[in-house]
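# Results of the structural survey
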Amino acid sequence: MEPHDCRHLLGDLSDYLDGQASAMLCAEIERHLEDCANCRVVIDTLRQTIRLYRDLPGPLLPPAARERLYHFPDSGQFLRP
Amino acid sequence: MDDPLIAETSDERALIARLQAGDKAACAECVELHAPGLYRLARRMMRDEAEAEDVVQETLLSAFKSIAHFEGRSGLRTWLYRIAYNAALMRLRRSRPDSVSVEGAGLDGDAGLPVPRQMFDWCCLPESDFDSREARDQLEAAVQALPEKLKVVFVLRELEGLSTEAAAEALGLSPEAVKTRLHRARLWLRERLAAYFTELAQPAAED
Ligand SMILES: [Zn+2]
């Protein structure tokens, strides 16, 4: 496959991975993937990247900061009985 | 996660009505429900925990003050993210006036998408290499390092689970811009993670 095809399909890979590509586009991408090892790596590692971030717990609001949310200046009128 | 654009679980409608009536218990409920997510967004936009905490405080205060004007066009969560994003952006602009405004150029549309460079397939690493504390730190550091305008789209769409439409509403972007920025962010992160995981898979390659 020509690198031209790789570049041409690059913009559609997220749609493909999110299941939002049309049947025609899916077929085009899958045909290209059969012949293009580079794009297979890109799509596999892109899928893996997305999965790793879906599983990432993310920064936790520290308990002390959570506590302070109820006591910051001006919060009294909203939060304290 | 349910679509935050639809403001519509009866629970949420009831909570909004109580907030608008000035019910303090409702404010506390809103903090319980939404502060953790607001903090995750703020922490990823700001440099440290203290700044992130300030953004969350400012967001909640400003939300409680203006809840009367909340029209329910978007969900409460989307509306809060919008306030938090703007609060964080203001702070960033104040502290680094040049850095935030310029980098948006050329981010939308497919023209000039960065060509993938890292071509090692690191998917087959043992799961323990992805699960480690170090890997999670790498994942967080990579998000922190994303260009601002890609980062916030990635955080809201991929990490906070907002729909394309809700993220567009929160950020004042078109749904199309959200989609292309999410895609750019994913490609950018893939390159960065590949550098780390490739090295992990080939520890002897440098010798
Ligand atoms: Zn290709």
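Residues numbered from 1 in each chain as written. Chains lettered and ligands numbered in written order. Predicted model: local features only at pLDDT ≥ 70, side-chain atom pairs only at ≥ 80, totals over all residues. Heavy atoms only, no water.

Residue and element names in this part refer to chain B. Compared with an ideal rise of 1.5 Å per residue, which puts 22 residues at 32 Å, helix α2 (residues 24-45) spans 29 Å between its outermost C-alpha atoms and is within 8% of the ideal. Largest kink in α2: about 45 degrees, centred on His34, with the proline Pro36 one to four residues after it. At the N-terminal boundary of α2, the capping side chain belongs to Asp23, with an oxygen 2.8 Å from the backbone nitrogen of Ala25. (Helix = DSSP H or I, 4+ residues; strand = E, 2+ residues; numbered from the N terminus. Expected span 1.5 Å × (residues − 1). Bend = angle between axes of the 7 residues up to and from the residue. Polar contact = N/O pair within 3.5 Å; in protein donor to acceptor, adjacent residues only side chain to side chain.)

Residue and element names in this part refer to chain B. When its domains are assigned, chain B resolves into domain 1 (4-95) and domain 2 (128-206). Contact residues are listed per partner, giving 17 residues for domain 1 and 19 residues for domain 2. For the domain 1 and domain 2 pair, buried surface summed over both sides reaches about 1,600 Å², with 57% attributable to carbon and sulfur atoms. Inspection of the domain 1/domain 2 interface yields three salt bridges. Note that Arg44 and Glu140 form a salt bridge whose closest N and O atoms lie 2.5 Å from each other. Across the domain 1-domain 2 interface, the total number found is seven residue pairs in polar contact (both at pLDDT 80 or more). Elements with a contribution of two residues or more to the side of domain 1 that touches domain 2: α2 and α4 (76-95). Classifying every residue of the side of domain 1 that touches domain 2 gives eight nonpolar, three polar and six charged. (Domains from an automatic or database assignment. Contact = heavy atoms within 4.5 Å. Buried area = accessible area lost by both parts, 1.4 Å probe. Salt bridge = Lys/Arg side-chain N within 4 Å of Asp/Glu carboxyl O. Nonpolar A, V, L, I, M, F, W, Y, C, P; charged D, E, K, R; others polar.)

As a further point, take the packing of α2 of chain B against α4 of chain B. Residue and element names in this part refer to chain B. Remark: α2 packs on α4, axes separated minimally by 10 Å, with the N-to-C direction vectors making an angle of 35 degrees. Regarding α2 and α4, the two cross each other, and that crossing is right-handed. Contacts between α2 and α4 involve Cys30, His34, Gly37, Leu38, Leu41 and Met45 from the former and Leu76, Arg77, Leu80, Tyr81, Ala84, Tyr85, Ala88, Leu89 and Leu92 from the latter. Here the residues of the contact of α2 with α4 are counted per class, giving 12 nonpolar, two polar and one charged. (Axes fitted to C-alpha atoms, helices over the stretch in contact; angles between N-to-C directions. Left-handed = near helix turned anticlockwise from the far one by under 90°.)

Scanning all chains against the criterion turns up 22 salt bridges over all chains. A salt bridge links Glu158 of chain B to Arg54 of chain A, with the nearest nitrogen and oxygen atoms 2.9 Å apart. Highlighted residues: Glu158 of chain B in helix α7 (residues 148-159) and Arg54 of chain A in helix α4 (residues 37-54), drawn from two different chains. Arg18 of chain B is paired through a salt bridge with Glu29 of chain B; the nearest N and O atoms lie 3.0 Å apart. In this pair, Arg18 of chain B sits in helix α1 (residues 10-20) while Glu29 of chain B sits in helix α2, placing the two residues 11 residues apart along the sequence.

Our focus in this paragraph is the coordination of the zinc ion. Residue and element names in this part refer to chain A. Bound to the zinc ion on the protein side are Cys6 (SG), His32 (NE2), Cys36 (SG) and Cys39 (SG), at distances that span 2.0 to 2.3 Å. The sequence pattern formed by the donor residues of the zinc ion is C-x25-H-x3-C-x2-C. Note that Cys6 is positioned in helix α1 (residues 3-10) and His32 in helix α3 (residues 23-35), a separation of 26 residues in sequence. For His32, a relative accessible area of 3% translates into the label buried. (Donors = N, O, S within 2.8 Å, 3.2 Å for Na, K, Ca; no water. Buried < 20%, exposed > 50% of the residue type's maximum accessible area, 1.4 Å probe, protein only.)

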